[in-house]
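Structural overview for review
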Amino acid sequence: GFKLLKSSRVALGRQQPEVPLPLVRTVPINVGTIAITITGDGTVQALAETQIVPQVSGKIVQVSKNLVNGGAFKKDELLLTIEPRDYEIAVTLAEASVKDAESKYEMAIQESEASRKEWKRVHPDTPPPPLVAKVPQLAAARANLEARQANLEKTRLDLARTRISAPFDGRVSAEQVDLGQYVALGQAMATLYSTDAAEIVVPMENDDLRWISVPGFTPATDAGAAATVKACVAGREIVWNGRVERVEGKINEKTRMVNLVIRVPNPYATQPPLAIGQFVAVEIKGNTITKSAVIPRAALHDQNTVYAVDPEDSRMYFRSVEVARTDERGVVIQSGLKDADLVVVSPLKAPTDGMRVRYVNSVNGGQS
């Protein structure tokens, strides 16, 4: 029986096992118009900041209730008053001095006229000499009058300077003055900043500037690109609208980045406001690119190559693409891809152009 079973056995031959095709994940591509958005961060700065410095000295007799750190004020609002009595007396004395000089000048005119008439009566054909016509005396009287008038103007100006008003709508960031304090000429009393607008300086790479409009920097630009400023204030995110105003005068020598200036009008019109010193995130609306697509970063390989799967024959082909830029969305491809292309996003050890693959569409989960 054993010999019968042995003689009926079929001999096993050598077989080559079938090599499974590599499995890749793909995503479909949507080609269309894509708006470029440039992002950055910066700190809010005041558009204008100035110190209150008196141009006359004296004792402070009135201080506005708004002249405190953080206080808000309007343009031309009275902030400080210096004791004006000494300057009022100086104006009175200067006015009296002007009247005296006017009287002397009028007298010099009359004396000169009388001397001219007397000379003409005696010497009708000869003009009077300057000394006879009292020309030097008349010039001295006129100069004395002009000097007294200038002194009167200065005393009136000093009197007006005892009342210090706000140069713009703004807020107080520091104050060093109290009621009854004596202030000297040129002594800093407070620091004010304007609330008409705020500016944010955002460092940008030089290549990013080609996507946005910057007045005075990019060609054929009338208005700066629109920008959105975001910050977390009082526990919630607040958004303000701004615009690119300019670039600063020098490129940063250490980082080689360009400082872009974003201006936001009326930062204190909202509650909570866009406060000076606030750290904010900025999104700048850039140009648009037609017939472009966004792919995951994992889909882009060396030498700007993308692997695309042809669903008809399940083969993977290399595509050379033109990269516009990379942002938080992924890689923006300017050319080289078609609508509905299946781009490979999974890693491959030894990819070759035209190799057969199995693919899984990461969007709908289909497998081929």
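Structure: above.
Presented here is a report on the structure given in the accompanying data block. (Residues numbered from 1 in each chain as written. Predicted model: local features only at pLDDT ≥ 70, side-chain atom pairs only at ≥ 80, totals over all residues. Heavy atoms only, no water.)

Let us now look at the sheet that holds strand β8 (residues 170-175). Spatial ordering of the open sheet is given by β3-β10-β8-β5, a layout of four strands whose pairing is antiparallel. Both outer strands of the open sheet, β3 (49-52) and β5 (72-73), are each paired with one neighbouring strand and no more. The pairing of β5 with β8 spans two bridges and is classified as antiparallel. Residue Ala72 lies in a different strand from β8, and its bridge partner there is Arg171. (Pairing = 2+ DSSP bridges. Helix = DSSP H or I, 4+ residues; strand = E, 2+ residues; numbered from the N terminus.)

Overall, the coordinates contain two aromatic pairs when judged by the stated rule. Consider the rings of Tyr193 and Tyr268, whose centres lie 6.4 Å apart with planes at 40°: the pair is tilted. Taken together, the residues span a long stretch of sequence, with Tyr193 in strand β10 (residues 190-194) and Tyr268 in the loop between β14 (258-265) and β15 (279-295) at a distance of 75 residues. Like Tyr193, the residue Tyr268 is buried in the burial classification. Seen from their ring centres, Tyr307 and Phe318 are 4.8 Å apart, and the 25° between their planes marks the pair as stacked. On the criterion of sequence distance, the pair formed by Tyr307 in strand β17 (residues 305-310) and Phe318 in strand β18 (residues 315-320) is long-range, its members being 11 residues apart. (Phe/Tyr/Trp six-rings, centres within 6.5 Å; stacked < 30°, edge-to-face > 60°. Buried < 20%, exposed > 50% of the residue type's maximum accessible area, 1.4 Å probe, protein only.)

Backbone phi values are negative for most residues with the exception of glycine, while trans is the configuration of most peptide bonds. Geometrically, the link from Gln271 to Pro272 is a cis peptide bond, its omega value of -5° lying close to zero. Relative to the elements of secondary structure, Pro272 occurs in the loop between β14 and β15. Despite not being glycine, Asp76 shows a phi value in the positive range, around 70°. Within the fold, Asp76 resides in the loop between β5 and β6 (78-82). Residue Ala340 is not a glycine yet carries a positive backbone phi of 75°. With respect to the secondary-structure elements, Ala340 resides in the loop between β20 (330-335) and β21 (342-344). In this structure Ala340 comes out as exposed when scored by relative accessible area, which is 53%.

The next point concerns the side chain of Ser346. When you line up the elements, Ser346 lands in the loop between β21 and β22 (355-356). Here the side chain of Ser346 touches Arg25 through a polar contact of 3.0 Å, landing on its backbone nitrogen. Excluding residues within four positions of it along the chain, Ser346 makes contact with Leu23, Val24 and Arg25. (Polar contact = N/O pair within 3.5 Å; in protein donor to acceptor, adjacent residues only side chain to side chain. Contact = heavy atoms within 4.5 Å.)

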